[in-house]
Amino acid sequence: MASIGRPKGILKNKNPSNGAYAQESNLDYGGFGGSGTGSGRSWDSVVSGSSSSDMTSSLLNIDSVGGPGSDRSLRPKLLEFVSRKGDMLFRPLGTDEIPISDRGNQPNTKDHFGIVPSMDFFLRVENSERRSHFFHSAQPGEIVLGELNSKTVSGLYFQLLCLEGGRSLYLEDLGLNAYCPISQMIPAIDPNNPNRIFSPGDLVRLEILSVKPELEKIVVGMKGNALTLEMKHSAQLGLVFEQDFPLPYKTAAFERKSKVTKTYEELLDECLGFHNPNSVTCLASAMGILNNRNTLMTGLRGVFPENEKGTTLRRVQNGRWAHGSVAEGIRHFKSGNLTEAFQCLNKALSIDGENVEGLVARGAL
């Protein structure tokens with residue numbers, strides 16, 4: 001099981017410190033980031049040792065639902081819903097429910113499913129707005145890929161190319177720069193050159209250590225201090241090569257250089273994985289929803305007994321239909337209508353080939 005931290009499941013908010021969720025939903029998280037005005041406690045301090053009802057009252061101070069002019073009668077209904085479903089809304093995720101993208105080991109191949117650049121690549125948005133969005137949404141622990149621009153005595157300066165891991169963003173055209181202090185550097189590991197050191201033009205995978213949106217400053221590192229345990233094992237920080245870059249970035253970079261502008265649908269249709277019949281199952285597994293626990297309906301969360309599953313129910317249903325045809329065939333047989341009886345028995349066996357009564361009756365004709 002995953003450790004208890006920020007709320008998971010339906011109310012999962014991976015980056016509560018930027019306040020995006022609270023602003024969009026008009027929820028006051030009581031000091032957990034955004035514009036909350038509560039006690040300023042952390043998610044961990046509230047979730048640990050708290051019941052679902054405690055979390056409901058502590059976390060959700062809903063002043064309005066849906067913004068100005070909304071129906072305030074929804075507020076008690078929402079509170080009652082969260083109170084009833086609190087155990088499921090705030091439960092820790094199981095290992096099979098954590099999205100692969102959060103674990104950092106998502107497949108880097110087009111064979112599994114369609115891979116295209118992030119949606120912002122296709123939107124007609126000013127670069128200044130994209131820059132602002134990145135600075136206000138970037139979080140410590142996220143992984144970026146950058147190109148080394150210059151070296152100083154105190155550290156390295158990079159131009160950011162893309163965001164990797166949980167989110168995929170194309171950043172190369174935004175002119176974003178990041179600084180890596182010398183204390184956060186690791187040796188440049190190159191199997192073909194054991195004595196290699198970092199040089200301008202090198203491609204490096206980095207972790208974000210801190211972001212200051214008002215100053216547009218980003219501090220990065222290579223030691224994995226801000227990464228989760230799963231990310232430390234799957235995301236190798238430091239020197240990388242072009243083949244290590246994620247496919248969304250490669251596709252976006254190629255399309256930027258191309259003279260033909262393609263739409264999202266055109267790029268998606270060109271992906272081999274998009275036409276893979278198993279892509280839905282693969283994506284569901286990658287997103288951590290390929291199980292029966294991602295529902296707020298209690299009756300659907302357990303393991304269904306065998307006699308309630310589709311295969312068993314279909315067999316029972318076919319048996320009843322076949323039994324009706326067998327009974328009709330026997331009536332025809334007793335009336336001397338052998339042709340009609342034979343047709344009815346054949347129909348019964350076409351519905352249920354293992355129907356004993358049908359097999360016996362047809363053998364008697």
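Residues numbered from 1 in each chain as written. Predicted model: local features only at pLDDT ≥ 70, side-chain atom pairs only at ≥ 80, totals over all residues. Heavy atoms only, no water.

1. Notes on the overall build of the protein chain
Line of reasoning, step 1. The secondary structure content of the protein chain amounts to 14 helices and seven strands.
Line of reasoning, step 2. Considering the protein chain as a whole, with its 365 residues, one finds that 37% of them fall into the buried category.
Line of reasoning, step 3. Contacts spanning at least 24 positions in sequence make up 62% of the contacts within the protein chain whose residues lie at least 6 apart.
Line of reasoning, step 4. Element-wise, carbon and sulfur atoms account for 54% of the exposed surface of the protein chain, whose accessible area totals about 21100 Å². (Helix = DSSP H or I, 4+ residues; strand = E, 2+ residues; numbered from the N terminus. Buried < 20%, exposed > 50% of the residue type's maximum accessible area, 1.4 Å probe, protein only. Contact = heavy atoms within 4.5 Å. Areas by Shrake-Rupley, 256 points an atom, 1.4 Å probe, with all protein chains shown as cover.)

2. So, the packing of helix α12 (residues 310-334) against helix α13 (residues 338-351)
Line of reasoning, step 1. Relative orientation of the contacting elements α12 and α13 amounts to 170°, with a least axis distance of 8 Å. One finds that α12 runs roughly antiparallel with respect to α13. Contact residues: α12 offers Asn318, Trp321, Ala322, Ser325, Val326, Glu328, Gly329, His332 and Phe333, while α13 offers Leu338, Glu340, Ala341, Cys344, Leu345, Lys347, Ala348 and Ile351. (Axes fitted to C-alpha atoms, helices over the stretch in contact; angles between N-to-C directions. Parallel < 35°, antiparallel > 145°, perpendicular 65-115°, else oblique.)

3. Overview of the nonpolar core
Line of reasoning, step 1. Phe134, Phe158 and Ile218 are the most contacted members of the largest nonpolar core, which totals 25 residues.
Line of reasoning, step 2. Elements that contribute at least two residues to this core include exactly α7 (127-137), β1 (143-151), β2 (155-164), β4 (177-181), β5 (203-212) and β6 (217-221).
Line of reasoning, step 3. Counting eleven residues, the second-largest nonpolar core is a separate cluster that includes Leu145, Leu203, Phe245 and Tyr249. (Core = buried A, V, L, I, M, F, W, Y, C linked by side-chain atoms within 4.5 Å.)

4. Some thoughts on the pattern of salt bridges
Line of reasoning, step 1. The tally for this structure, following the rule as stated, stands at nine salt bridges.
Line of reasoning, step 2. Notably, a salt bridge pairs glutamate 80 with arginine 84, separated by 2.6 Å at the nearest N-O pair. Residue glutamate 80 and its partner arginine 84 are located together in helix α4 (residues 74-84), separated by four residues, close to a single helical turn.
Line of reasoning, step 3. What makes glutamate 80 partly exposed here is its relative accessible area of 40%.
Line of reasoning, step 4. Overall, the relative accessible area of 49% leaves arginine 84 in the partly exposed class.
Line of reasoning, step 5. What you see here is one network of salt bridges that share partners, running through Arg130, Asp173 and Arg256. (Salt bridge = Lys/Arg side-chain N within 4 Å of Asp/Glu carboxyl O.)

5. Quick look at the confidence of the model for the protein chain
Line of reasoning, step 1. Mean pLDDT over the protein chain: 75, with 71% of residues reaching 70 or higher.
Line of reasoning, step 2. Averaged over each element, pLDDT in the protein chain is lowest for helix α1 (residues 20-25) (36) and highest for β4 (94).
Line of reasoning, step 3. Taken together, the stretch residues 1-53 has pLDDT below 50 and engages in 99 contacts with residues farther than four places along the chain or on a different chain.
Line of reasoning, step 4. Ignoring residues within four places in sequence, the model shows residues 55-66, a span with pLDDT below 50, making 39 contacts including any to other chains. (pLDDT = per-residue confidence, 0-100.)

6. Describing a nonpolar patch on the surface
Line of reasoning, step 1. On the surface, a cluster of nonpolar side chains totalling about 370 Å² of accessible area is made up of Phe333, Leu338, Phe342 and Leu365.
Line of reasoning, step 2. Position of leucine 338 relative to the elements: it lies in helix α13. (Patch = residues over 30% accessible without salt bridge, like charges linked within 9 Å, V, L, I, M, F, W, Y side chains within 5 Å.)

7. Side note on unusual backbone geometry
Line of reasoning, step 1. Here glutamate 216, not a glycine, exhibits a phi torsion of approximately 50°, which is positive.
Line of reasoning, step 2. Position of glutamate 216 among the secondary structure elements: in the loop between β5 and β6.

8. So, α12
Line of reasoning, step 1. Counted at 1.5 Å a residue, the expected span for α12 with its 25 residues is 36 Å, and the 36 Å between its end C-alpha atoms agrees.
Line of reasoning, step 2. Buried within α12 are the following residues: Thr312, Gly319, Ala322, Ser325, Val326 and Gly329.
Line of reasoning, step 3. Positive backbone phi, at 90°, marks glycine 336, one or two positions downstream of α12. (Expected span 1.5 Å × (residues − 1).)

9. Focus on the environment of lysine 250
Line of reasoning, step 1. The residue lysine 250 is located in helix α9 (residues 247-257) in this model.
Line of reasoning, step 2. C-alpha separation for the pair lysine 250 and cysteine 162, spaced 88 residues apart in sequence, amounts to 9.8 Å.
Line of reasoning, step 3. Those residues in contact with lysine 250 that lie beyond four places of it in its chain are Glu242, Gln243 and Phe245.

10. Focus: the packing of aromatic side chains
Line of reasoning, step 1. One pass over the full model with this rule turns up seven aromatic pairs.
Line of reasoning, step 2. Relative to phenylalanine 122, the ring of phenylalanine 121 has its centre 5.3 Å away and its plane inclined at 85°; by these criteria the two rings are edge-to-face.
Line of reasoning, step 3. Ring centres of phenylalanine 121 and tyrosine 170 lie 5.9 Å apart, and the angle between their planes is 85°; this geometry places the pair in the edge-to-face category. Taken together, the residues span a long stretch of sequence, with phenylalanine 121 in the loop between α6 (100-103) and α7 and tyrosine 170 in strand β3 (residues 169-170) at a distance of 49 residues. Take phenylalanine 121 and tyrosine 170: they sit in the same class, and that class is buried.
Line of reasoning, step 4. Clustering of aromatic rings is evident, with ring pairs tying together Phe121, Phe122, Tyr170, Phe245, Tyr249 and Tyr264. (Phe/Tyr/Trp six-rings, centres within 6.5 Å; stacked < 30°, edge-to-face > 60°.)

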